[in-house]
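A structural walkthrough
Spelled out, the chains give:
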Amino acid sequence: MSHRKAAHRPQVPARRFSLPAILLLGATSVAVIRADPADFQAMPGLWRVVLRVVDHGRAGPPRVEWHCVNEGDDPWTSFAALPMPAPQCRRSDAHRSTTTLDWTLACAGMPTPSGQGRVAFDTPEHYAASISLQGRGEVLRVEGVRRAACTGPSD
């Protein structure tokens, strides 16, 4: 019976990472990932969008807009390009999942953050959106419904 002597390998001490270090590493790796517009779960086509300005909790008369969304269009320009509540407001701190677009509003002359916006799809053919401001609550309510395929470049 032949016994081989095991090759000598130096013992390397196992590295131990603290929970905060692991979480930090995970958070930084997630922050680098960019989402492809094609993975957003909204169908391309002709969308009917109803916008209502909200004042003191009461929705005003509807304003209807139509627009065509093509496959691969950026969801931020197709669905979150909502009217700002004031000309000095800018969208910042944007986050996206496959069915939602969330952002913070920064408005000059108002506390930061000044408000927030959200577009949430309950199906690939329907969404609800809103913009709220600190101290005023909801100021814009939007509903979008896909109605048909786009039929040409002028849609």
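Our structure is the block above this text.
Residues numbered from 1 in each chain as written. Predicted model: local features only at pLDDT ≥ 70, side-chain atom pairs only at ≥ 80, totals over all residues. Heavy atoms only, no water.

1. Structural notes on the overall build of the chain
Along the backbone of the chain there are two helices and eight strands. Secondary structure elements of the chain, listed N to C terminal, follow the sequence α-β-β-β-α-β-β-β-β-β. Split into buried and exposed, the 155 residues of the chain put 26% on the buried side. Summing over all exposed atoms, the chain offers an accessible surface of approximately 11,000 Å²; the carbon and sulfur share of this is 55%. (Helix = DSSP H or I, 4+ residues; strand = E, 2+ residues; numbered from the N terminus. Buried < 20%, exposed > 50% of the residue type's maximum accessible area, 1.4 Å probe, protein only. Areas by Shrake-Rupley, 256 points an atom, 1.4 Å probe, with all protein chains shown as cover.)

2. Concerning the packing of aromatic side chains
We describe a pair of aromatic rings using the distance from one ring centre to the other and the angle between the two ring planes. Tallying each qualifying case throughout the model produces nine aromatic pairs. When the ring of F40 is compared with that of F79, the centres are 6.2 Å apart and the planes differ by 35°; the resulting orientation is tilted. Separated by 39 residues along the polypeptide, F40 in the loop between α1 (19-31) and β1 (45-55) and F79 in the loop between α2 (75-78) and β4 (89-96) bring together distant segments of the chain. Accessibility expressed as a relative area gives 4% for F79, which makes it buried. Aromatic side chains W47 and F121 sit 5.9 Å apart centroid to centroid with 85° between the ring planes, which places their arrangement in the edge-to-face category. (Phe/Tyr/Trp six-rings, centres within 6.5 Å; stacked < 30°, edge-to-face > 60°.)

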